[in-house]
Amino acid sequence: MADNRAQDLLSRRYRVMGHHTPLFYEKPLHLVRGEGVWLWDNEGNRYLDAYNNVPHVGHCHPRVVEALSRQAGTLNIHTRYLHNNIVDYLERLTSTFDEGLQMAMLTCTGSEANELALRMARFCTGGQGVIVTDFAYHGNTEAVSEIGTAFMPEAKTTRRVKAFPIPDSYRPLDGLGGEPLAQAYADRVQQAIDAFHAEGMNVAGILVCPDFANEGLLNVPPGFLEKAVTKVRQAGGVFIADEVQAGFGRSGRHFWAHQWYDVTPDIVTMGKPMGNGHPLAGVVARPDMIEAFSRESMYFNTFGGTPVSCAVGIAVLDAIEEDNLMQNAVTTGAYVADGLRRLQQKHELIGDVRELGMFFGVELVRDRKAKTPASTESRRIINLMRDKGVLVSTIGVHDAILKVRPPMPFQPGHADILLKALDEALTQVASEGSV
Ligand SMILES: Cc1ncc(COP(=O)(O)O)c(C=O)c1O
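Values in this document were obtained by computation on a predicted structure and should not be read as measured data.

A short note on the overall build of the protein chain
For the protein chain, the count of helices and strands is 13 helices and 15 strands. Taken over the C-alpha trace, the protein chain has a radius of gyration of 22 Å; the compact-globule value for 435 residues is 22 Å, and the two agree within 12%. Projected onto the principal axes, the alpha-carbon positions of the protein chain cover approximately 60 × 60 × 45 Å. Looking at the protein chain residue by residue over its 435 residues, the buried ones come to 57%. At a minimum sequence separation of 6, the contacts of the protein chain that also span at least 24 residues come to 72%. Accessible surface, the protein chain as shown: approximately 18400 Å² in total, 50% of it carbon and sulfur.

Focus on the pattern of salt bridges
Under the defined criterion, the tally for this structure stands at 25 salt bridges. Of the charged contacts in the structure, one is a salt bridge between Asp288 and Arg286, with a shortest N-O distance of 2.7 Å. According to the relative accessible area criterion, Arg286 is partly exposed, its value standing at 27%. Here the salt bridges share partners, and the residues they tie into one network are Arg63, Arg92, Asp318, Glu321 and Glu322.

Concerning the site of the ligand
The environment of the ligand is formed by Thr109, Gly110, Ser111, Asn114, Tyr137, His138, Gly139, Asn214, Asp242, Val244, Gln245 and Lys272. In this structure, an oxygen atom belonging to the ligand sits 3.0 Å away from a side-chain N or O atom of Lys272. Here the ligand has 390 Å² of accessible area as a free molecule, and 84% of this is covered by the chains. Take the shell around the ligand: its biggest share by element is 3 residues, from helix 4 (residues 110–125). Considering only residue class, the shell around the ligand consists of 2 nonpolar, 8 polar and 2 charged.

Some details on the domain arrangement of the protein chain
Partitioning the protein chain into domains gives domain 1 (4–57 + 324–432) and domain 2 (62–322). Each of domain 1 and domain 2 has a C-alpha centre, and the two are 26 Å apart. Between domain 1 and domain 2, the buried area comes to about 2800 Å², and carbon and sulfur atoms account for 58% of it. Summed over the three residues of domain 1 that lose the most area to domain 2, namely His56, Met326 and Leu356, the buried surface amounts to 22% of that side. Viewed at the interface, domain 2 and domain 1 are joined by 1 salt bridge.

Thoughts on the side chain of Gln259
Checked against the element boundaries, Gln259 lands in the loop between strand 8 (238–242) and strand 9 (267–270). Assessed through its relative accessible area of 15%, Gln259 is described here as buried. Engagement of the side chain of Gln259 in a polar contact is seen with the backbone nitrogen of Phe255, the distance being 3.4 Å.

Regarding the packing of helix 3 (residues 84–94) against helix 10 (residues 307–322)
Where helix 3 contacts helix 10, the two axes come as close as 8 Å, and the packing angle between them is 35°. Considering only the axes of helix 3 and helix 10, their crossing is left-handed. Here helix 3 contributes Asn85, Ile86, Asp88, Tyr89, Arg92 and Leu93 to the contact with helix 10, which in turn contributes Pro307, Cys310, Ala311, Gly313, Ile314, Leu317, Asp318 and Glu321.

Focus: the packing of aromatic side chains
All told, the structure shown has 11 aromatic pairs when counted by the stated rule. Centroid distance Phe123 to Phe293: 5.9 Å. Interplanar angle 75°. Geometry classified as edge-to-face. Of the two residues, Phe123 is situated in helix 4 and Phe293 in helix 9 (residues 287–296); the sequence distance between them amounts to 170 residues. For Phe293, a relative accessible area of 2% puts it in the buried group. Between Phe248 and Trp256, the aromatic rings sit 4.8 Å apart at their centres with planes inclined by 65°, giving edge-to-face as the arrangement. Trp256 carries the same exposure label as Phe248, and that label is buried.

Digging into the pairing of strand 12 (residues 360–364)
Counting buried positions over the 5 residues of strand 12 gives 5, a clear majority of the element. The two faces of strand 12 match: Phe360, Val362 and Leu364 on one face and Gly361 and Glu363 on the other face are all buried. When strand 11 (residues 350–355) meets strand 12, the two strands line up antiparallel, connected through 5 bridges. Its bridge partner being in strand 12, Arg354 is matched across the sheet by Gly361. Connecting the antiparallel pair strand 11 and strand 12 is a turn made up of 4 residues, with Gly357 showing a positive phi of about 60°. For strand 12 and strand 15 (residues 401–404), the ladder comprises 4 bridges, and the chain directions are antiparallel. Following the sheet pairing, Gly361 is matched in strand 15 by Lys403.

A word on the pairing of strand 15
Taking every second residue as pointing to the same face, both faces of strand 15 are buried, with Ile401 and Lys403 on one and Leu402 and Val404 on the other. Bridge analysis of strand 14 (residues 393–395) against strand 15 gives 3 bridges, and the strand direction is antiparallel. Following the sheet pairing, Thr394 is matched in strand 15 by Leu402. The turn joining strand 14 and strand 15, which pair antiparallel and follow one another in sequence, is formed by 5 residues; a positive phi near 100° is taken by Gly396.

Some words on the sheet that holds strand 7 (residues 203–208)
Pairing within the open sheet is mixed, and its 7 strands lie in the order 4-10-9-8-7-5-6. The sheet is open, and its two borders are formed by strand 4 (103–107) and strand 6 (161–164), each paired with just one other strand. Taking each pair of neighbouring strands and ignoring which way they run, the sheet shows an average axis angle of 20°. Note: strand 7 against strand 8, 4 bridges, orientation parallel. Bridged to Leu207 within strand 8 is Ile240. Sitting on the sheet, helix 3 is in contact with strand 4, strand 9 and strand 10 (281–285), with an inclination near 120° to strand 4.

Calculation rules
- Residues numbered from 1 in each chain as written.
- Predicted model: local features only at pLDDT ≥ 70, side-chain atom pairs only at ≥ 80, totals over all residues.
- Heavy atoms only, no water.
- Helix = DSSP H or I, 4+ residues; strand = E, 2+ residues; numbered from the N terminus.
- Rg over C-alpha atoms; globule rule 2.2 N^0.38 Å.
- Buried < 20%, exposed > 50% of the residue type's maximum accessible area, 1.4 Å probe, protein only.
- Contact = heavy atoms within 4.5 Å.
- Areas by Shrake-Rupley, 256 points an atom, 1.4 Å probe, with all protein chains shown as cover.
- Salt bridge = Lys/Arg side-chain N within 4 Å of Asp/Glu carboxyl O.
- Near = heavy atom within 4 Å.
- Polar contact = N/O pair within 3.5 Å; in protein donor to acceptor, adjacent residues only side chain to side chain.
- Nonpolar A, V, L, I, M, F, W, Y, C, P; charged D, E, K, R; others polar.
- Domains from an automatic or database assignment.
- Buried area = accessible area lost by both parts, 1.4 Å probe.
- Axes fitted to C-alpha atoms, helices over the stretch in contact; angles between N-to-C directions.
- Left-handed = near helix turned anticlockwise from the far one by under 90°.
- Phe/Tyr/Trp six-rings, centres within 6.5 Å; stacked < 30°, edge-to-face > 60°.
- Pairing = 2+ DSSP bridges.

Given below as structure tokens:
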């Protein structure tokens, strides 16, 4: 941020947005253009985007831009009128789900989708208690802040939410592994259910991201989620899968991340990649739940699912198919993961590499045995990589996991650039010694 114009923009931003609105990097980026997996700043420098999942099919994908402009120049109203785009889109969207999830409601943000899911779950079950992980983020409305155990003060005081430990195989509960580990985490879910009952409250459901993305893209102990959902259902609750980050084919082999598991959700929420940057989000749920809820509680969202938004949504689905992006997530994803594992052999700082299609978590530790989180080093690395023209970020309880989650058209050639920048940054941090 050397130039005066950028400094001036930052000061003006602080004046109108305050000092605490999140901003990436020590030297914030002033971006002016994007195309595919590339971004350009105000000085003409180019950056490889290995972080953003919202531009899912690539920044400014021509098919999406064309669909948006054409419909915006024809008509934009809301869902209280009949329009082909709305019904066409929802038919296409729901066809990507397993049987039993064939009805949808549209919103503008993932937070609104989760808010609606909570209302629907509470209405349909008669319960109030919601179970989440102990490092959860699912959005920013009032009810959703209550389930935001990672960052939200509301989560600390509410009686309606209980958390279980993140189901992590790298830092396992009680040092367990395999089936006993899955069982131990599921037992913690049962403890949350029992605690609700002891306080006289029924359970509405469990709400998790099937990738456990904000928790650090965890390797979930096999069988855990199935066991946990069974316990919740036995207690009268439902399973809400938050696919806001995980969905739309990012995991490669399945369109939805929950499809990796042997359990079908009752409600699925989605957003971010859905409109490739246009505010489009929603809920897909069991028809009986949507019918029962909407019969009693009128749901309308002025900007949710307009003909323009639905034209964009259709273009995103077309681009995923036509550009073979799920296949690319499998092949390029494996290429990136192999490269990250080679770096793990070279750099002591890399404790664990996790991947799911086009999504990678690189957990950094100061000591592989003690698994001491390398939080300061992680932040240093993402800033060094930014200076080298590659954008990634950090996540996790200790903020010591590199989050690599590029737009889906990411190719092996881009991966080589990413891996080279990471290799250099790791070498530099090692040479600087312990931070
Ligand atoms: C898993 C998850 N759910 C929900 C949300 C909220 O989405 P939005 O910012 O569109 O409200 C986020 C945002 O980061 C998220 O990561």
